Amino acid sequence: MAKRLLCRFLWLPALAAVGCASTSTNTPEVSSTVGNGTSRWYTQTVARPTRVGVGGNGGTETSPLTLAAATDPAPLTVPTSTVRPAYALVETHPIDLATVLRLVSPNSPTVGLARARVAEAEARVQRAEVQWLPNLSFGTAYNRFDGQTQNQRGEVFGVSRANLFYGGGPTLTLDVAEALYGPLVARRARNAAQFTEAATTIAAEQEAALAYLDLVQQHALLEINAETLSRADEMSKAAESAKDAKLDRTAGDVQRARTEVLFRRTERLDLEARASAASARLARLLYLQPNVRLVPADVAVAPITLIDPSRTIDDLLATALESRPDLAAGREAIAAAWARVRQAQREPFIPKVTLQNQTGSFGGGVNDDLADFRARNALSVQLFWEVRNLGFGNRAGVAERRAAADQVRCQLADAQARAAAEVVEAAQTAAAKFEAIAPAEEAVKEATELYRINKSGTQNVVGANNLFDALRPLQAIQALNTARQNYLGAIMDHNRAQLRLLAATGSPPATAGVK
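So, here's what we can say about the structure.

Rules behind the numbers
Residues numbered from 1 in each chain as written. Predicted model: local features only at pLDDT ≥ 70, side-chain atom pairs only at ≥ 80, totals over all residues. Heavy atoms only, no water. Helix = DSSP H or I, 4+ residues; strand = E, 2+ residues; numbered from the N terminus. Buried < 20%, exposed > 50% of the residue type's maximum accessible area, 1.4 Å probe, protein only. Contact = heavy atoms within 4.5 Å. Areas by Shrake-Rupley, 256 points an atom, 1.4 Å probe, with all protein chains shown as cover. Pairing = 2+ DSSP bridges. Axes fitted to C-alpha atoms, helices over the stretch in contact; angles between N-to-C directions.

The next subject is the overall build of the protein. A count of helices and strands for the protein gives 11 helices and 8 strands. Here the protein, with 515 residues, has 35% of them falling under the buried criterion. Taking contacts inside the protein between residues at least 6 apart in sequence as the whole, the part at least 24 apart equals 77%. Total accessible area computed for the protein in this model is approximately 30100 Å², and 56% of it derives from carbon and sulfur atoms.

This is the structure in structure tokens:
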């Protein structure tokens, strides 16, 4: 029973040839799959051999595994194409983080939109500040009248006359309350737009910097893969040499080594695809030509420290609440809303002014005769107070402005809570990722020593008693590859957390010395 279970789960051809055929009974065909339901990495079908004299025809069924063990392993062949598709050939450009941060602000339409809104808000400030100045109008007016008319005494009579006026002058219709409070509100709105532009710039720089880190990580993984592939290829050649010298410990050593090489080659193709995708994302954020492939100018990776480790979480929260431009924009919006409330409260007590002055030349006559032109000046000034809808309209206006101010205040409170959560989350993540770097680095050292020991102990075959065993060095290669990938991931995760923490406290990466 034990041998039967061993044969079912072990796939080594030598073991199958030695122990399975003599103990198996006539059983159905068995399919063994390693992996999950959607991705099958290895599938074998085992036809259990029947002993001589047992069965319908007394013949013997031969196991495919037995045949494989009796013959030399065929060389592995992988159908590949040596010509890359034309759409995969793009121009390569190196780039570094400083260049990324320099390009993102002037190239980003999102930042450009925020900048245009600042210009719009500035124009509104200028318009609000000149409300006190009158308008100037110039032109001419012709009037012709034929028919009955009535004078002041009530007499009706017929007339045919014409007149012409040409000239102009200042006109002014001024809501004094709007002239007083409008510039205050406009300046607050301009300040809010400027802070929003700063927040948009920080978000754009952070997104671009994180995309650049993704690009660096993929290319660093390619470097790790290249070294791992070189080690696996070296191990494959050693396994073949041992087999030729009949010093291999098991019959599957060559297949193990070749499989590892093929795995690493497949992994490299996947990493190259990921690097191309990261390049495309970064090019999109920088709004560069889409037919270029960006590569990092330097793939050397080291932990960066953007936030002083001695700062407490309370200090970081206070800095964020004070320095974050999105929160400052919310405070400016609240100030503008309360200025509108005060304007609505005092509006009934502040007068409105209407002024019109026309200076020019006027002349006319009977029928279509235009004569006797002389200078003429007409001045009209009105000063009045307005109570809308017997005061009920004014009271409703004040309530409406208060409700708008309460909405802005609630939005700011939500933004402050969200900012505090972002700071705490980023700080805790940064601390955890920093602590993960040391054990990950130590794991690399241990895996490197493990590889050195196994390499020196298995590849220097000197005699028949010192047989080559590919399993241990391959395990060491895999362990070293995993350890280096984990170490790289720990550093990159720490650097990402530092960038997020920097942005959460309201500092743009471009001005924080990020390199």
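Alright, that's what it looks like, and here's the rest.
Our focus in this paragraph is the sheet that holds strand β7 (residues 352-366). One key point about sheets: their strands pair by backbone hydrogen bonds, in either a parallel or an antiparallel sense. With respect to topology, 4 strands assemble into an open sheet ordered β4-β5-β7-β8, the strand pairing being antiparallel. Strands with a single pairing partner mark the edges of an open sheet, and in this sheet they are β4 (135-150) and β8 (371-384). Shown here is a sheet whose adjacent strand axes are inclined to one another by a mean of 25°, direction ignored. Pairing between strand β5 (residues 156-175) and β7: 13 bridges, direction antiparallel. Across the sheet, residue Gly-168 finds its bridge partner in β7, namely Thr-359. The strands touched by helix α6 (residues 176-244) within the sheet are β5 and β7, with β5 carrying the most contacts at an inclination of about 30°.

A word on the pairing of β7. Across 12 bridges, β7 lies against β8 in antiparallel orientation. The partner of Thr-354 across the bridge, within β8, is Gln-382. Counted along the chain from β7 to the antiparallel partner β8, the turn is 4 residues long, and its residue Asn-367 has a positive phi close to 55°.

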